[in-house]
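Residues per chain are reported as follows:
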Number of protein chains: 2
Amino acid sequence: MTHKPDSYEHNMVLAQKQFRVLGTRPIRHDGVDKVTGRALYGADIDLSGLIHGAILRSPHAHARIVSIDTSAAEAMEGVLAVVTAADLGDSGDKMIDLGEGEQNLSFLRGNVLASGKALYKGHAVAGVAAASLHVAQEAVKRIRVEWEPLPAVTTTQQAMADGAPVLHDGLRTKELGKETDQTGNVAAHFRYDKGSPDEGFAQADVIVERSFDTATVHQGYIEPQNATALWNNDGRLQIWTSTQGSFVVRDTTAAILDIPVSQVKVTPMEIGGGFGGKIPVYLEPVAALLSKKTGRPVKLVMSRQDVFEATGPTPGSHIRVKMGATNDGRIVAAEAWMAYEAGAYPESFVVPGAMCVFACYDIDNIRVDGFDVVVNKPSTAAYRAPGATNAAFAAESVVDEIAEKLGVDPLDLRLKNAAKEGTRRADGVKFPRIGLVEVLEAMKAHPHYQTPLEGPHRGRGVAVGFWFNVGLESSCSISVNSDGTISLVEGSTDIGGTRTSIAMQAAEVLGISAEEVRPSVADTDSVGYTSVTGGSRVTFATGWAAHNAAQDVVAQMKERAAILWGVDAGAVEFADGTFRSGDNSLAFKELAKKLSETGGPVTGRATVHPKGVGGSFAGNIVDVEVDPETAKTKILRFTAFQDAGKAIHPSYVEGQMQGGSVQGIGWGLNEEYFMTDQGVMANSTLLDYRMPTALDLPMIDTCIIEVANPGHPFGVRGVGEASIVPPPGALANAIHNATGVRMSRLPMSPPRLMEAIWALESNPIAAD
Amino acid sequence: MTHKPDSYEHNMVLAQKQFRVLGTRPIRHDGVDKVTGRALYGADIDLSGLIHGAILRSPHAHARIVSIDTSAAEAMEGVLAVVTAADLGDSGDKMIDLGEGEQNLSFLRGNVLASGKALYKGHAVAGVAAASLHVAQEAVKRIRVEWEPLPAVTTTQQAMADGAPVLHDGLRTKELGKETDQTGNVAAHFRYDKGSPDEGFAQADVIVERSFDTATVHQGYIEPQNATALWNNDGRLQIWTSTQGSFVVRDTTAAILDIPVSQVKVTPMEIGGGFGGKIPVYLEPVAALLSKKTGRPVKLVMSRQDVFEATGPTPGSHIRVKMGATNDGRIVAAEAWMAYEAGAYPESFVVPGAMCVFACYDIDNIRVDGFDVVVNKPSTAAYRAPGATNAAFAAESVVDEIAEKLGVDPLDLRLKNAAKEGTRRADGVKFPRIGLVEVLEAMKAHPHYQTPLEGPHRGRGVAVGFWFNVGLESSCSISVNSDGTISLVEGSTDIGGTRTSIAMQAAEVLGISAEEVRPSVADTDSVGYTSVTGGSRVTFATGWAAHNAAQDVVAQMKERAAILWGVDAGAVEFADGTFRSGDNSLAFKELAKKLSETGGPVTGRATVHPKGVGGSFAGNIVDVEVDPETAKTKILRFTAFQDAGKAIHPSYVEGQMQGGSVQGIGWGLNEEYFMTDQGVMANSTLLDYRMPTALDLPMIDTCIIEVANPGHPFGVRGVGEASIVPPPGALANAIHNATGVRMSRLPMSPPRLMEAIWALESNPIAAD
């Protein structure tokens, strides 16, 4: 359902406009290909002369590489090339900027092929190319590495402890933005300060302070990472890969290989899920080096174990949250101490975690300390609102406990303290028009919340969460066909139906249907620079580029109509898909037929780097039943709410809300990297890494709240991420409501919850 | 060599500008892929589930199809579908316009799959798709067609004779532009009139009137026609093919299949030659229908015999030319009667032949009668300056004979009568600035002409020729990379190095090198409408689009520089690759790095439908030696001259001149469709169809004459075609000079020349 808040007409500037296309639910353009198996994913690529690669990976979580002997592998029949970190050259202290701040080149390269040390189990050490995959895999086993194993650290607590093994000898802690001489595993410590937390807590009648731990979890996309590379004789490198950002792959690979970006062409294949995990490059530079050595196209595809052990999961974390409120329900102070695991290389996502931890609340006094900590696990990557879910689990648990202590409805407490337009976040950003109040009002008014939950061992929980979304850069071009349809070229790989949500925005401008737009996702040679598909930015930013490119088309077609009518182009108006001047009128399709005779074809183009990013708020109401015998948590009912801004394609907004909720549920209840003492993931299969399946879940009901983003021509906010933020917190609160236990550790899996229930039963006071 | 005419500085507006990129000879961007075998041509495509097709072709030159029984073929194991004309539906009298005038849909469809009658040997009758090519080929043999053979006509004389067999019952002659009730094989008769030919001939002191015949010849591209089609479940049709025009294939196939153009996506593969022959569609609709029936991608590839018998050769013709001159060398009147073979369906290329026949001369009194005649041969297609070579052979032979009779140098006669700016052609067009005088002056001044030819059986001939070139429509888009290179997307398939000649024009505007442009030829979904690669238009028109798209980039980058410098965009100038305002300056590459920070990426776009097309004149000097025993003509020396306008990439201009010359030599000396009485081509292999090889030819020397086209920003004229026009005429004149024989029939092959020499020896007066 779509909830229209009472204040909707006031706030939703664009709601007063009746859209013809936006808000409808056309069939996605790539749908048939995807349901019939015709769509080509990364591993589907085949090229003349293709050979196959395999990767040697570290068996140790932390070990020095004393020597590598590749001779036996190279001597194998069918082996065509072997590469190691030596083929990447010396990075020195070189810093590079790929558009989102400086990065250390040696870290980028080191994660692709380990240099000097392996920093996690599964860390790539060498690559082999051979005529067949089986030969390549066998050859990998014949590479002799002399290892010097070192003690490993796999949590922030271990890594920050005095005398802990150090991953990077040269890593100096950046303290409050400044370089220091301090070494160790803390890459950075930063602080957000707002008001005076001490004074705030002094005013508080109720203070709750709790510590929380969250496990490393993986995005769990279905399609493993893959890369096929052809380093051509003319020096040009072509890459085919499944990625969230073809230009990111281009620019990162070029940096790692030290070649100009224009020497690299990346063709994005269809992508079987990413969620943030398919932004870094892992295989592309190795495939490229193997191709350079062999002159052949080389394909590398990960196994599921590789995906778990050697791509970027999201950080585990240790968080301490303290909040204080007055008896009238006003939250007056908040503090958070947040340490996130970066994995083997900086950075973790503690910065966005810190930006989001208290972002839902209008609190005068806040202090947040953030710590970016390297540990002997795979280098972390983004995962849907990265960093925010860990933080919201902590903050929303504490808010719930405050509500309980104050005896007020948890939604009322949140409404009373809700961030709104003008609220300044801990990181200093002042909110523009946002929709949290409307989300909370929709939650309170929803039949789910209005229906009492009855029965033993059952409980209801609520939580909210925030994600700021990003803008970055997008390009789009449009050409008008003689039959009045348009072809649209964009650079955003389509993960969640964005071909359609972008096409709809062009269609809306031009007064044609979504089906009359033919969207294509182009390679990096064939479209303007477009940043990653991530940060909930594609429908927002690339859609905006489509809007602008369509406007560019309209402007040119006005000139054509003016030629036909012998009037000035300024005298031609365009509305509702029709060009008009005086008594003359021509529909878009009619004028499209006359382009050849009025000067030739019409194409439009636009690039955007938008500033008006609108954050999105999500909320959950969840009812659970906890089996008293097994502590298995069964979800009885789950309703997801989200402020989408204008919902361009409601089905895909709902899909994002449902998908994010399910991932949040998995994170909350079951998923975790189960690490052995040796720093080895003990459950690196989808059988043992317990993601929720359809059988584990009820229907995820959705409620879209449309509070227009004033910073976008159609009011779009971006909806891909916020939905993953509240579920663990909402589940923790529901479990508390059902069992009396406040869980402080994710996942809240049956063994862990059982232990907590037993602990509460044996000592009810201590557990509170 | 490049000849700079004396008047060059006056006429060549742009010559005063020193170009940085234009006029240089960078390595072509597609070169490495093409010489290493990496480039993918049409037949290289492979798709998951691909099946193969074969075509049943008519064994008769003219026969009624009484019935077709496909049951035995369909019953074969492995056969998945059979299609015939019945699958194309009834076309009725529907006329369609694909951008170059109305065409009869039934003719378009009929040439793809014969309906009712087969009109030439090789005419496609049915298509079969099967799991393997061998099964498909075997199944074709099992299709039972009941034929009723009809008498065939294979020359215009036969087809225009009283009581001739009629190909199309409903074909009514269009007489001087008007529909008539007259039926037969003459599709159209038109006339160009200028001045009063009767009065002109009355003034003439010398009149020469001769008849000429030219044989059907084939373009002889190396790569046979091919098409792979996938008619997807969502109704979209994808085609991969080697073509001169992806949008032409799209639009033609859509018309034949009666689906919207936007339902068809054509991906142009690399093309192994076209020369005009790869503009029509033959296989694409059949592959599409087979794919629709099977749900599988279907590939069809022609054999060499198919290429000869069932694609479009250039028309054979019968031409009568009469010219009169006064004793002082002024040509005062000219008449031509031209009948061209259209092949099985109208139209032949008699219209451009008529436009060109006297275009080299400034003659006050002209009459040209043109006849478009259907015959039982494959439907003709364009071949490099289509129609003009036949015409020039006739006209240049007559001009040579007039010079001989007047006792003047043949170049002087041509110079005296040369068309120039302001000359009005027979078809009414007034020439803008053209370069024929400069070409003739260069020929006269050339060492080749200045060096006497000595020895027995040797002779020298000269001739000139004209081609008007075309403009049509082109699109181009550009995106600026952060390393200061650009990616350029165009819709013109690259036959002769146009990726580079287009890229150079963008590079010239932007002040970067040709190598810093990365050109891509896109599919029809990914670039604006672009007309065919033909008519010598690509470097002219698509290059112009590239020029304009680069200007669009410059305009936007001025705004970015203005942001950086805090000045008005109007105050920023761009010259020599550098943006400047006051003391500020940034090179293009430097500013390219700063686009992200100043508003995001920059892309440019342009479409053109240019009017300022500049015609091109070509001239040849050729020395031959005719073996008195065998009448084999050996070419001793051959120099090709051409007015290229600005030669963007001189190597490719020279390549076009050499290639066109060689094709004209083959046409003049050896190539012909040798037709049996039954209308069957008796020499449908490259062994028997005698194209010149490197061993048959001397080095073709070239001399580029640059008379700028004032209608193009860089003065480009287009160079692909004119070079094929003069060779047969020049060779005929050289043979006459060597032997005394005036050949009136092409090819001037040894048997035919031997007979002519014997005839001359037995009756010297009659032969004159």
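Further up the page is the structure itself.
Residues numbered from 1 in each chain as written. Chains lettered and ligands numbered in written order. Predicted model: local features only at pLDDT ≥ 70, side-chain atom pairs only at ≥ 80, totals over all residues. Heavy atoms only, no water.

**Digging into the interface of chain B and chain A**
Okay, so step 1: Between chain B and chain A, the residue contacts involve 51 residues of the former and 51 residues of the latter.
Okay, so step 2: The contact between chain B and chain A buries some 3800 Å² in all, and 43% of this surface belongs to carbon and sulfur atoms.
Okay, so step 3: Its largest share of buried area at the contact with chain A, chain B owes to B:Arg38, B:Pro601 and B:Arg605, together 17% of the area lost on that side.
Okay, so step 4: Where chain B packs against chain A, one counts 2 salt bridges.
Okay, so step 5: The salt bridge involving A:Arg605 is made with B:Asp552; its shortest N-O contact spans 2.7 Å. (Contact = heavy atoms within 4.5 Å. Buried area = accessible area lost by both parts, 1.4 Å probe. Salt bridge = Lys/Arg side-chain N within 4 Å of Asp/Glu carboxyl O.)

**Observations regarding the packing of helix H19 (residues 650-669) of chain B against helix H20 (residues 727-739) of chain B**
Residues and elements named next belong to chain B.
Okay, so step 1: Put simply, H19 and H20 touch, their axes get as near as 8 Å, and they point 55° apart. Judged by the inter-axis angle, H19 sits oblique to H20. The handedness of the crossing between H19 and H20 comes out as right-handed. Only Pro-727, Pro-728, Leu-731 and Ile-735 of H20 make contact with H19, whose side of the interface consists of Ser-661, Gly-664, Ile-665, Gly-668 and Leu-669.
Okay, so step 2: Taken together, the residues that form the contact of H19 with H20 break down as 6 nonpolar, 3 polar and no charged. (Axes fitted to C-alpha atoms, helices over the stretch in contact; angles between N-to-C directions. Helix = DSSP H or I, 4+ residues; strand = E, 2+ residues; numbered from the N terminus. Parallel < 35°, antiparallel > 145°, perpendicular 65-115°, else oblique. Left-handed = near helix turned anticlockwise from the far one by under 90°. Nonpolar A, V, L, I, M, F, W, Y, C, P; charged D, E, K, R; others polar.)

**Describing the nonpolar core**
Across soluble globular proteins, you tend to see nonpolar side chains buried next to one another.
Okay, so step 1: Counting 108 residues, the largest nonpolar core has B:Met323, B:Met338, B:Phe358 and B:Val368 as the members making the most contacts within it.
Okay, so step 2: In terms of residue count, the dominant contributor to this core is helix H12 (residues 388-406) of chain B (11 residues).
Okay, so step 3: The residues touching B:Val368, leaving out its near neighbours within four places in the chain, are B:Phe190, B:Arg191, B:Tyr192, B:Ala336, B:Met338, B:Ala354, B:Val357, B:Phe358 and B:Ala426.
Okay, so step 4: By size, the runner-up hydrophobic cluster in this structure holds 106 residues, among which are A:Val208, A:Leu436, A:Val707 and A:Val725. (Core = buried A, V, L, I, M, F, W, Y, C linked by side-chain atoms within 4.5 Å. Buried < 20%, exposed > 50% of the residue type's maximum accessible area, 1.4 Å probe, protein only.)

**Digging into the sheet that holds strand S23 (residues 486-490) of chain A**
All names here are of chain A.
Okay, so step 1: The strand order across the open sheet formed by 4 strands is S24-S23-S22-S28, and the pairing between neighbours is mixed. Because the sheet does not close on itself, it has two edges, and the strands there are strand S24 (517-521) and strand S28 (603-608). Strand-to-strand twist of the sheet, defined as the mean angle between neighbouring strand axes without regard to direction, takes the value 15°.
Okay, so step 2: Judged from the 6 bridges that link them, strand S22 (residues 474-480) and S28 form a sheet pairing that is antiparallel. Within S28, the position partnered with Ser-479 by the bridge is Thr-603. (Pairing = 2+ DSSP bridges.)

**Quick word on the pattern of salt bridges**
Proximity of charged atoms lets side chains of opposite charge pair with each other.
Okay, so step 1: Counted according to the given criterion, the structure contains 81 salt bridges over all chains.
Okay, so step 2: Of the charged contacts, one joins A:Arg250 and A:Asp251 as a salt bridge, the two residues approaching to 2.9 Å between their closest N and O atoms. You'll find A:Arg250 and A:Asp251 in the same group, each marked buried.
Okay, so step 3: Note that B:Asp30 is salt-bridged to B:Arg499, the shortest N-O span being 3.1 Å. Taken together, the residues B:Asp30 in the loop between helix H1 (8-11) and helix H2 (31-35) and B:Arg499 in helix H16 (residues 498-510) connect sequence positions 469 residues apart.
Okay, so step 4: Given the relative accessible area of 5%, B:Asp30 is considered buried.

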